[in-house]
Amino acid sequence: VASTTAAAGTGTYTLTLFGGTHTALSYKISATNVTDFPDVAKVSIAVSSANLANQNIAVTPGGLILGRIQTEGKTDLPGITVYIFGTAADGIIDTVNSGVTDATGSYTLQVPNGTYFMMVNGAVTDGITVSAAAPTVSKNLTQFSMTGQVSKNLGTTTTGASGATVYAGFQTATASSLGVYTINVMEGKNWICASPSAAN
């Protein structure tokens, strides 16, 4: 319905809304883009024929989740998107914040106090808690190279499934003629699956 930018330094704001002469009109107000924090819980207001003062919006205290993403050989990985997820009171999983690693593979994300899980290239790291006692949490991640074989059962024998596509997070690899594959996986919980080639 309406939006405005809070004053720098003080955070004060003024919104112009329609009022109800006979019946107050109901609105919900919320703050967004608060130093990269997620949207703040909405405040319900009713506007009639008078100005409303001191409709304050509280920003949840928080801290930082930061770290560096590298390969096993300590090569920095820039351009990797890091997602922080949390579970809301209604049980729905929400994206709390996200960011991309810089040239040194580093990231810094601001979050309210709480417990979260992080997803990077499809791999999940959970149980990350930011609190007043621990406002900064460091999570460095390593990308590993994983090898394996996709096999097919021929009834009495098992052989490699040539040409199968292997999926690990956001990465894909194609199995060799013997069904052997090599794929990059990020540190954390990964889900691996394979789909056969047309020939298989």
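For the structure itself, look to the data block above.
To keep things clear, this report deals only with the structure shown in the data block. (Residues numbered from 1 in each chain as written. Predicted model: local features only at pLDDT ≥ 70, side-chain atom pairs only at ≥ 80, totals over all residues. Heavy atoms only, no water.)

Counted by the stated rule, this structure contains 2 salt bridges. Among the ionic pairs, Arg68 bridges to Asp76, the shortest N-O distance being 3.1 Å. Of the charged contacts, one joins Asp126 and Lys189 as a salt bridge, the two residues approaching to 2.8 Å between their closest N and O atoms. Taken together, the positions of Asp126 in strand S8 (residues 123-130) and Lys189 in the loop between strand S15 (180-186) and strand S16 (192-195) put the pair 63 residues apart, joining distant regions of the chain. Note on Lys189: relative accessible area 45%, which makes it partly exposed. (Salt bridge = Lys/Arg side-chain N within 4 Å of Asp/Glu carboxyl O. Helix = DSSP H or I, 4+ residues; strand = E, 2+ residues; numbered from the N terminus. Buried < 20%, exposed > 50% of the residue type's maximum accessible area, 1.4 Å probe, protein only.)

What follows concerns the environment of Gly179. The residue Gly179 is located in the loop between strand S14 (171-174) and S15 in this model. Sequence spacing of Gly179 and Gly163 is 16 residues, and the spatial spacing of their C-alpha atoms is 6.9 Å.

Here we take up the nonpolar core. Counting 19 residues, the largest nonpolar core has Ile65, Ile69, Val82, Ile84, Met118 and Val120 as the members making the most contacts within it. Every element with two or more residues in this core is listed here: strand S3 (62-71), strand S4 (81-87), strand S6 (106-112), strand S7 (114-120) and S8. If near-sequence neighbours (up to four positions away) are discounted, Ile84 is found in contact with Ile65, Asp94, Thr95, Val96, Asn97, Leu109, Val111, Tyr116, Phe117 and Met118. Listed in part, the 10 residues of the second largest apolar core include Val150, Tyr181, Ile183 and Val185. (Core = buried A, V, L, I, M, F, W, Y, C linked by side-chain atoms within 4.5 Å. Contact = heavy atoms within 4.5 Å.)

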